[in-house]
Amino acid sequence: MSKLFATAAIVAAPFMATTAVAEGHGDDLTYILVSHAPDSDSWWNTVKNGIALAGDQMGVTVEYRNPPTGDLADMARIIEQAAASQPDGIITTLADFDVLSGPISAAVDQGIDVIIMNSGTPEQTREVGALMFVGQPEYDAGLAAGQRAAGDGVESFVCVNHVISNTVVAERCRGFADGLGIDLGDSMIDAGQDPAEIKNRVIAYLTANPETDAILTLGPTSADPTLLAVEEMGIAGDIYFGTFDLGENIVAGIKDGTIQWGIDQQPFLQAYLPVVVLANYDRYGVLPGNNINSGPGFVTADALGKVEEFAGEFR
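What you are looking at is a predicted structure, and each value in this text was computed from that prediction instead of being measured.

## A look at the overall build of the protein chain
- Summing up its helical and strand segments, the protein chain has twelve helices and twelve strands in all.
- The principal-axis extent of the C-alpha atoms belonging to the protein chain is close to 65 × 40 × 30 Å.
- Counting the 315 residues in the protein chain, one finds 51% classified as buried.
- Residue pairs at least 24 apart in sequence account for 74% of intrachain contacts in the protein chain once pairs closer than 6 positions are excluded.
- When the accessible surface of the protein chain is totalled, it reaches about 12900 Å², and 50% of it is carbon and sulfur.
- Across the protein chain, 14 positive and 43 negative side-chain charges occur, with their mean positions spaced 4 Å apart.

As structure tokens, this is what we get:
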């Protein structure tokens, strides 16, 4: 982790210096970030902080838009509305290719530069004509997590999926199963978004399948109620528990030994870097030659440091 932070500091320094250089070169640039996240998902606060800081440092205007309930059809309309306003660029997630590829491709056809962040794949990014993908290869992250868990003796698991409509995120569960060398089968449950329902569904699954070795959650929305579930069942610290993404309760769970590790995809960078890339592309015509992998990185109890300090804000 210390190497990661050192690298981030090195990368960030030129970006901050660019603000002064950029004066007089496209000062009125406007970008819109459209996410698939409902208003209730606090994990996206880090994304909002990322675009806010990048906007300030690059001297550009950045707006955040999302479907309040997480409805993807609503998100598609928001992308269309964003494109109609003719911004200099759109940064968007690609949570469901079938639903969102049309509006994104249409924006590209209108001459709007698009960067895909967080959800989607490099292949899908090319297909819709976007400039690049900034995010975490989800299957690879799940595979690495499964291999780590297998090394720790895990042979079975339940994947608590709170965003079942986001087909790319489900790749985390499939990768985890492959890393363990087992079939995913019925190990992935549709947990929904309601915290009480998530807790009840986890308890129901573990009660019906007491031989389950491990729990995998896909973010704070599912991890936080699952923490309550294992505490209520009296198995906190006894059942192997890994999660994607970070948050205050997840960091506390890692610290007290309830959660073995969290996978950090660095949402701050997923939001911050596209703004920096677009601003420099519009001003100087420069563009990285490859997609940018923001994760995965494993966060464990012996490497919390700044993660604990900035959880929910920049981490």
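## Things to note about the packing of helix α8 (residues 195-208) against helix α9 (residues 220-233)
- Remark: α8 packs on α9, axes separated minimally by 8 Å, with the N-to-C direction vectors making an angle of 50°. By the criterion of interaxial angle, the relationship of α8 to α9 is oblique. In the crossing of α8 with α9, the sense of the turn from one axis to the other is right-handed. From α8, Pro195, Ile198, Lys199, Val202, Ile203, Leu206 and Thr207 reach across to α9, where they touch Thr221, Ser222, Pro225, Thr226, Leu228, Ala229, Glu232 and Met233.
- Broken down by class, the residue content of the contact of α8 with α9 amounts to nine nonpolar, four polar and two charged.

## Examining the confidence of the model for the protein chain
- In the predicted model, the protein chain carries a mean pLDDT of 91, and 91% of its residues have values of at least 70.
- Of the regions scoring below 50 in pLDDT, residues 1-24 engages in 24 contacts with residues more than four places distant in sequence or in other chains.

## Examining the state of the cysteines
- Tallied over the full model, the rule gives one disulfide.
- Each sulfur of the disulfide joining Cys159 and Cys173 lies 2.0 Å from the other. Of this pair, Cys159 sits in strand β6 (residues 157-161) while Cys173 is found in helix α7 (residues 170-180), placing the two residues 14 residues apart along the sequence.

## A closer look at helix α4 (residues 97-109)
- Here α4 spans 17 Å end to end across 13 residues, near enough to the 18 Å set by a 1.5 Å rise per residue.
- Listed in full, the buried residues belonging to α4 are Phe97, Leu100, Ser101, Pro103, Ile104 and Ala107.
- Looking at the packing, one finds that the buried side of α4 touches α3 (72-84), β3 (89-92), β4 (113-117) and α5 (122-128).
- By the N-cap criterion, in which a side-chain oxygen at the helix start approaches the backbone nitrogen of a residue two or three places on, α4 is capped by Asp96, the distance to Asp98 being 3.0 Å.
- A positive backbone phi angle near 90° is found at Gly111, which sits one or two residues after α4.

## Quick look at the pairing of β6
- The buried fraction of β6 is high, at five of five residues.
- Burial along β6 is two-sided: Phe157, Cys159 and Asn161 and Val158 and Val160, pointing in opposite directions, are all buried.
- Judged from the three bridges that link them, β6 and strand β7 (residues 188-190) form a sheet pairing that is parallel. Paired with Val160 across the strands is Ile189, a residue of β7.
- The handedness of the β6 to β7 crossover, carried by α7, is right-handed.

Cut-offs used in this document
- Residues numbered from 1 in each chain as written.
- Predicted model: local features only at pLDDT ≥ 70, side-chain atom pairs only at ≥ 80, totals over all residues.
- Heavy atoms only, no water.
- Helix = DSSP H or I, 4+ residues; strand = E, 2+ residues; numbered from the N terminus.
- Buried < 20%, exposed > 50% of the residue type's maximum accessible area, 1.4 Å probe, protein only.
- Contact = heavy atoms within 4.5 Å.
- Areas by Shrake-Rupley, 256 points an atom, 1.4 Å probe, with all protein chains shown as cover.
- Lys, Arg positive; Asp, Glu negative; His and termini not counted.
- Charge placed at Lys NZ, Arg CZ, Asp CG, Glu CD.
- Axes fitted to C-alpha atoms, helices over the stretch in contact; angles between N-to-C directions.
- Parallel < 35°, antiparallel > 145°, perpendicular 65-115°, else oblique.
- Left-handed = near helix turned anticlockwise from the far one by under 90°.
- Nonpolar A, V, L, I, M, F, W, Y, C, P; charged D, E, K, R; others polar.
- pLDDT = per-residue confidence, 0-100.
- Disulfide = S-S within 2.5 Å.
- Expected span 1.5 Å × (residues − 1).
- Polar contact = N/O pair within 3.5 Å; in protein donor to acceptor, adjacent residues only side chain to side chain.
- Pairing = 2+ DSSP bridges.
- Right-handed = clockwise from strand over helix to strand, strands pointing away.

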